[in-house]
Amino acid sequence: MIRFTNIYKRFGRLQALDNINLSFPASKSVALIGPNGSGKTTLIKSLLGMVVPDKGDITFKDSSILGSCDYRANIGYMPQISSYPENMTISQVMEMMKDIRQYNKLDEDLVKAFKLPQLAGKPMRTLSGGTRQKVSACLAFLFNPEVLVLDEPTAGLDPVASGILQDKILQETKNGKLVLITSHILSELDDLVDEVAYLQDGKVQFHKQVAALQAETGEQKLVRAMARVMENGGL
Ligand SMILES: Nc1ncnc2c1ncn2[C@@H]1O[C@H](COP(=O)(O)OP(=O)(O)OP(=O)(O)O)[C@@H](O)[C@H]1O
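The structure presented is a predicted model; accordingly, all values stated were derived computationally and were not measured.

Before going further, it helps to spend a moment on the packing of aromatic side chains. How two aromatic rings sit relative to each other is given by the distance of their centres and the angle of their planes. Scanning the entire structure with this criterion turns up three aromatic pairs. Judged by centre distance (6.3 Å) and plane angle (75°), the rings of Phe-4 and Phe-24 are edge-to-face. Taken together, the residues span a long stretch of sequence, with Phe-4 in strand S1 (residues 2-11) and Phe-24 in strand S2 (residues 14-24) at a distance of 20 residues. Here Phe-24 falls in the buried class, since its relative accessible area comes to 0%. An angle of 45° between the planes, with centres 5.4 Å apart, marks the rings of Tyr-103 and Phe-143 as tilted. Taken together, the residues Tyr-103 in the loop between helix H2 (90-100) and helix H3 (109-113) and Phe-143 in the loop between helix H4 (129-142) and strand S7 (147-151) connect sequence positions 40 residues apart.

The following block contains the structure:
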């Protein structure tokens, strides 16, 4: 569904993405992991059109997205740090987004599960970090996109909210969507992701099915499997 081919991105002297080749199919949930500064957010932003690669191509359903913007309606994005019109209330932000976006069907599962209607009148500037994250999650899923890009989605969420979001991710991959997740909390990715792409210094160290990783390392938990991979200097 999404393919990165020979993607390079440089910021000054720093090679943030260094010949990235990755392909992600529909109906899968994929973890993008790697140390701080390894290029995960830059990769995500290049898919979203927020960073323009120096070289290479990115395709969505076999069509190049570079220089195009229509495909963005098919991607829901939950950023690591969100920025909203701070004086608007939650409901005003949601209504504004509905006015801007084209959509066939709204998906309000998370809006209901997070009980956002009860908070609808609160201005964005007054929200706790976790509630802001909930608003971001609701907006990412609201327009029923075919691809979801979630950057550190559970950071700041309490365990109940985290569980609700994880269940939603599992349900949507079953419904045929592609979900790309970055997270440093590997324990939260257990039972959630089907594949892992590991980046380091802007390069893909490996991209594997979780089942293959578990079989190769003899470890069921992602955190332990990843530790084995590091010990062995990559598989
Ligand atoms: N706009 C920019 N200008 C200059 N350097 C940038 C810019 N964006 C990212 N970088 C640099 O590119 C490298 C990759 O950053 P990126 O945010 O993609 O890493 P990351 O893997 O998402 O890290 P983290 O886990 O900390 O979120 C870092 O060294 C970062 O400082």
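Another point: the pattern of salt bridges. On inspection of all chains with the given rule, the structure shows twelve salt bridges. Residue Lys-9 is joined to Asp-54 by a salt bridge in which the shortest nitrogen-to-oxygen separation is 3.7 Å. Separated by 45 residues along the polypeptide, Lys-9 in strand S1 and Asp-54 in the loop between helix H1 (40-48) and strand S4 (55-60) bring together distant segments of the chain. Residue classification places Lys-9 among the buried positions, given a relative accessible area of 13%. Its relative accessible area of 45% is what places Asp-54 among the partly exposed residues.

What counts as what
Residues numbered from 1 in each chain as written. Predicted model: local features only at pLDDT ≥ 70, side-chain atom pairs only at ≥ 80, totals over all residues. Heavy atoms only, no water. Phe/Tyr/Trp six-rings, centres within 6.5 Å; stacked < 30°, edge-to-face > 60°. Helix = DSSP H or I, 4+ residues; strand = E, 2+ residues; numbered from the N terminus. Buried < 20%, exposed > 50% of the residue type's maximum accessible area, 1.4 Å probe, protein only. Salt bridge = Lys/Arg side-chain N within 4 Å of Asp/Glu carboxyl O.

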